[in-house]
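Geometric and topological summary
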Amino acid sequence: MGGPEIEQLIGQFARLPGLGPRSARRAVLRLLQQPEARLAPLIRALEAAAKTTRVCGLCGNLDSVDPCSLCRDPRRETGLICVVETVADLWALERAGVHRGRYHVLGGVLSALAGTTPETLNLTPLLSRLSGGEVREIVLALPVTVDGATTAHFLSERLREFGVVITQLSQGVPMGGSLETLDEGTLAAALRTRRAV
Amino acid sequence: MARLTRLQLISFRNFALADWEIAQAPVVVHGRNGAGKTSLLEAISLLVPGRGLRGARLSELARRAGGQASEGWGISGWFDAPGRSFTVSTGIRPDAPRQRCFLIDNEPAAKQTEIADLLSCVWLTPQMEGLFLEPASGRRRFLDRLVATLEPGFARLLASHGQLLAERVRLLRLGMAEPAWLAALEDQLARKSVAIAAMRLDYSLTLNAALAALPAPFPRAHLRLACPLAERLAQAPALSVEAGLREALSAGRAHDRETGTTNAGVNQADIDLLDTEHDRGAAQASTGERKALLVSVMLGQASVLRRHRAAAPLLLLDEPMTHLDAARREALAETLLAYDGQAFLTGTDQDQFRGLGGRCGMIALAG
Ligand SMILES: [Zn+2]
């Protein structure tokens, strides 16, 4: 339909999470039909975000400052660190407003099959934060999957030498039922645009 | 007890569109070979979560025409149960080809166990007759399916156990010296293995109690579970069995790295079906005796499910009469006529179902 530039733009949008080819096409069409009202501000916002966003060297969060504003916030407990898999998990916990300490983003969970090893995890900064001696408790808020449980077990072993208290978020999911959340999530996504067969 | 009153298939196996009203039970499905008798039973078996009575992959289920597989397919069943009617549907939508979906009354099922609460199936297939002459892995799958029908959480436990086994073997093969990682996998493996062994053991005791109560002329079958872990569980607390397995896994790392296998745990288990009267295993039994033993297990499982899940399961019997002698055909027909659930039977030869005396529904498949 559109020229190669438009198709390329649609392709970029369709690669974003939550957008399929159809919604990507709609979004791009809206932008191109209103260049002043929609497209130009988006270009400016993208440029500004690209220029200023950095990964926090302490916790792995994304922010325009490094260390991030959460790590700088003096009202947050420095002795309490919540370990999460992704920045999205960190933001979700922040929106819920349930954690008053600091965070640490691992950037993945251990999986030999997927090639995620301790070396590819954002682990070294966590170890150096702990060797400072200020931390007294680590809360592991990792996904309730086989890989999440493996990573939690691995971390509690590796962090033992620092003498901190290690706790886990209570998920209300029994051991052995660890894939349940994952399956329901994928099933729910697949059924969102359901139709009777 | 839920009774199937209507079954509709769309682009499933060799059916483009098929719709049957089912008024009577039991139901005999007849037609020549290749007409789709087993596929019809398979369709019913797929209304409950799992891979169905053929253990098929998703990609095998869509109808193929002109070398091209249909993009989507669907199975819907209408059920009458005391105090409520409901429909269960499953299938693949063309826009989500990799995810089988389940609907209850046309609404997405939030959890697959919701369906397990409404329906259960027990099936008997000709393939099962070969199980006792084949490697143990097939017999473990046979047992695990029986357990999973009774305990809906069991399938998930098996899946995460399988994932842990694959992770550990991969990690060993990568040769990474990360003891805390391996220990994390082995700790979870030990706990899940002991849970699996305990559930298999519990199940075998429950089934054997039901088998001992079956009336003649079905053979007095007994399921013998040979599982080192289950044997240890009978002698020591679960925590110490777990600890022992953790040690065995840790000690077996070099071996498992070489072979790509796991030399300790639930995969050492095997089962046999004994005819207690002749004190003979299924492998030594004649074809007819083996078939009769399997019929006994199926009837035992139905009685276990009726007692523990408060509903008689749907019985799906593919070629049940083949290899049975006249007395047992007669007895099976009587049992099915008296059964308070619903049974579906296939056969090429209508003569096999004389014992039902016409007191059954018929589905004729033309092919
Ligand atoms: Zn930070």
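Here is what the cut-offs are and how they apply
Along every chain, residues carry numbers that run from 1 in the direction the sequence is written. Numbering of ligands from 1 and lettering of chains from A proceed in the order in which they are written. Local features in this predicted model are restricted to residues of pLDDT 70 or higher, and side-chain atom pairs are both shown and tallied only at a pLDDT of 80 or more, whereas totals for entire chains, interfaces and linings draw on every residue. Only DSSP runs of H or I reaching four residues or more are called helices, and only runs of E reaching two or more are called strands; each is numbered from the N terminus. To sort residues by burial, count the other C-beta atoms lying within 10 Å of each one's C-beta; a count of 20 or more means buried, 12 or fewer means exposed, and anything in between means partly exposed. C-beta atoms are built from the backbone. Residue pairs are scored as contacts if the distance between their C-beta atoms, which are placed from the backbone, is within 7 Å. Two strands form a pair only when DSSP identifies at least two bridges running between them. The convention used is that axes are lines fitted to C-alpha atoms, helices contributing only their stretch in contact, and that angles between N-to-C directions extend from 0 to 180 degrees. By convention in this section, buried Ala, Val, Leu, Ile, Met, Phe, Trp, Tyr and Cys residues joined through C-beta atoms within 7 Å make up a nonpolar core. The split into domains, and so the bounds of each, comes from an automatic or database assignment of domains. Should an angle fall under 35 degrees it is called roughly parallel, over 145 degrees roughly antiparallel, and 65 to 115 degrees roughly perpendicular, with every other angle called oblique. By definition, turning the near helix anticlockwise from the far helix through less than a right angle yields a left-handed crossing, and turning it clockwise yields a right-handed one. When residues are grouped by polarity, Ala, Val, Leu, Ile, Met, Phe, Trp, Tyr, Cys and Pro land in nonpolar, Asp, Glu, Lys and Arg in charged, and all others, Gly among them, in polar. The pLDDT value expresses, per residue, how confident the predictor is, ranging between 0 and 100. We call a crossover right-handed when, viewed with both strands directed away from the observer, the connection leading from the first strand over the helix to the second proceeds clockwise. Expected helix span is computed as 1.5 Å times (number of residues minus one).

1. A closer look at the overall build of chain A
Across its full length, chain A carries eight helices and six strands. A burial count over chain A gives 24% of its 197 residues as buried. The long-range share in chain A, meaning contacts at least 24 apart out of those at least 6 apart in sequence, stands at 48%.

2. A look at the sheet that holds strand E5 (residues 137-141) of chain A
All names here are of chain A. Pairing is parallel across the open sheet formed by four strands, whose spatial order is E4-E3-E5-E6. Edge positions in the open sheet fall to strand E4 (101-105) and strand E6 (165-168), since each of these has one partner strand only. Each neighbouring strand pair of the sheet contributes to a mean axis angle of 25°, computed without reference to strand direction. As defined by bridge partners, E5 adjoins E6 across four bridges and the pair is classed as parallel. Counted as the bridge partner of Leu140 is Gln168 from E6.

3. Digging into the nonpolar core
One finds A:Val83, B:Ile44, B:Leu316 and B:Phe344 to be the most contacted residues of the largest nonpolar core, which totals 126 residues. Looking at this core, the element that brings in the most residues is helix H5 (residues 179-212) of chain B, giving 14 residues. Discounting residues that sit within four places of it in the chain, B:Leu316 has contacts with B:Leu41, B:Ile44, B:Ser45, B:Leu53, B:Cys121, B:Trp123 and B:Phe344.

4. Notes on the domain arrangement of chain A
Structurally, chain A comprises domain 1 (4-52) and domain 2 (78-168). Taken over C-alpha atoms, the centre of domain 1 of chain A sits 34 Å from the centre of domain 2 of chain A.

5. A few points about the sheet that holds strand E12 (residues 270-275) of chain B
The strands making up a sheet associate through backbone hydrogen bonding, with each pair oriented either parallel or antiparallel. Residue and element names in this part refer to chain B. A sheet is described by the order of its strands in space; here three strands give the open sequence E11-E12-E13, paired in antiparallel fashion. One side of each edge strand has no neighbouring strand; the edge strands of this open sheet are strand E11 (221-226) and strand E13 (280-281). Pairing analysis gives six bridges linking E11 to E12, with the strands arranged antiparallel. Looking at the pairing, Ala221 lines up with Asp275 of E12.

6. Focus on the packing of H5(B) against helix H7 (residues 238-251) of chain B
All names here are of chain B. Running from amino to carboxyl end, H5 crosses H7 at an angle of 130°, the nearest separation of the two axes being 9 Å. Relative to H7, the element H5 is oriented oblique. Judged by the sense of rotation from one axis to the other, the crossing of H5 with H7 is right-handed. Across the interface between the two elements, Glu186, Asp187, Leu189, Ala190, Arg191, Ser193, Val194 and Ala198 from H5 touch Ala238, Val241, Glu242, Leu245, Arg246, Leu249 and Ser250 from H7. The residue makeup of the contact of H5 with H7, split by class, is eight nonpolar, two polar and five charged.

7. Description of the packing of H5(B) against helix H9 (residues 287-308) of chain B
Residues and elements named next belong to chain B. The geometry of H5 relative to H9 is characterised by a closest axis approach of 8 Å and an angle of 110° between their N-to-C directions. With respect to their mutual orientation, H5 and H9 come out roughly perpendicular. Between H5 and H9, the residues in contact are Thr206, Leu207, Ala210 and Leu211 and Ser296, Gly300, Gln301, Ser303 and Val304, respectively. Classifying every residue of the contact of H5 with H9 gives four nonpolar, five polar and no charged.

8. Description of the pairing of strand E6 (residues 73-81) of chain B
All names here are of chain B. By the bridge criterion, seven bridges tie strand E1 (residues 3-12) to E6 in an arrangement that is antiparallel. Pairing of Gln8 across the sheet is with Ser76, part of E6. As defined by bridge partners, E6 adjoins strand E7 (residues 84-92) across nine bridges and the pair is classed as antiparallel. When the sheet's bridge partners are listed, Asp80 is paired in E7 with Ser85.

9. Focus on unusual backbone geometry
Residues apart from glycine generally show negative phi values, whereas peptide bonds are mostly found in trans. A:Pro67 follows A:Asp66 through a cis peptide bond whose omega is -5°. The linkage connecting B:Ala25 with the following residue, B:Pro26, adopts the cis geometry, with an omega of -10°. Here B:Pro26 is to be found in the loop between strand E2 (15-21) and strand E3 (27-30). Although it is not a glycine, B:Asp279 adopts a positive phi angle of roughly 50°. Along the chain, B:Asp279 turns up in the loop between E12 and E13. Even without a glycine there, the phi angle at B:Glu319 is positive, about 55°.

10. Considerations on the environment of B:Met298
Residue and element names in this part refer to chain B. Relative to the assigned elements, Met298 resides in helix H9. Using a count of 22 C-beta atoms within 10 Å as the deciding quantity, one classes Met298 as buried. When the C-alpha atoms of Met298 and Leu316 are compared, they prove to be 9.7 Å apart, with 18 residues separating the residues in sequence. Look past the residues within four positions of Met298 in its chain and what remains in contact with it is Val122 and Leu124.

11. A word on the confidence of the model for chain B
For chain B, mean pLDDT is 91; residues scoring 70 or higher make up 99% of the total. Quick note on the complex model: pTM equals 0.84, ipTM equals 0.78.

12. Re the pairing of E5(A)
Residue and element names in this part refer to chain A. Judged from the five bridges that link them, strand E3 (residues 77-84) and E5 form a sheet pairing that is parallel. Counterpart to Leu80 in the pairing with E5 is Glu137. Each parallel crossover has a hand, and for E5 linked through helix H7 (residues 146-158) to E6 it is right-handed.

13. Examining the environment of B:Thr346
Residue and element names in this part refer to chain B. By the element assignment, Thr346 lies in strand E15 (residues 343-347). Accessibility expressed as a C-beta count within 10 Å gives 27 for Thr346, which makes it buried. C-alpha of Thr346 to C-alpha of Val27: the two residues are 319 residues apart in sequence and 8.5 Å apart in space. The contacts of Thr346, once residues within four sequence positions are left out, are Val29, Lys37, Thr38, Leu41, Asp318 and Glu319.

14. Structural notes on H9(B)
Taking 1.5 Å of rise per residue, the 22 residues of H9(B) would be expected to cover 32 Å, and the 32 Å separating its terminal C-alpha atoms lies within 8% of that figure. Of all 22 residues that make up H9(B), 16 are buried, and the element is covered over most of its length.

15. Focus on the confidence of the model for chain A
Detailed reading of the predicted model is not advised wherever pLDDT is low. Confidence in the prediction for chain A averages 83 pLDDT; 85% of positions are at 70 or higher. Predicted confidence for residues 172-197 of chain A stays below pLDDT 50, and this span has 44 contacts to residues more than four positions away or in other chains.

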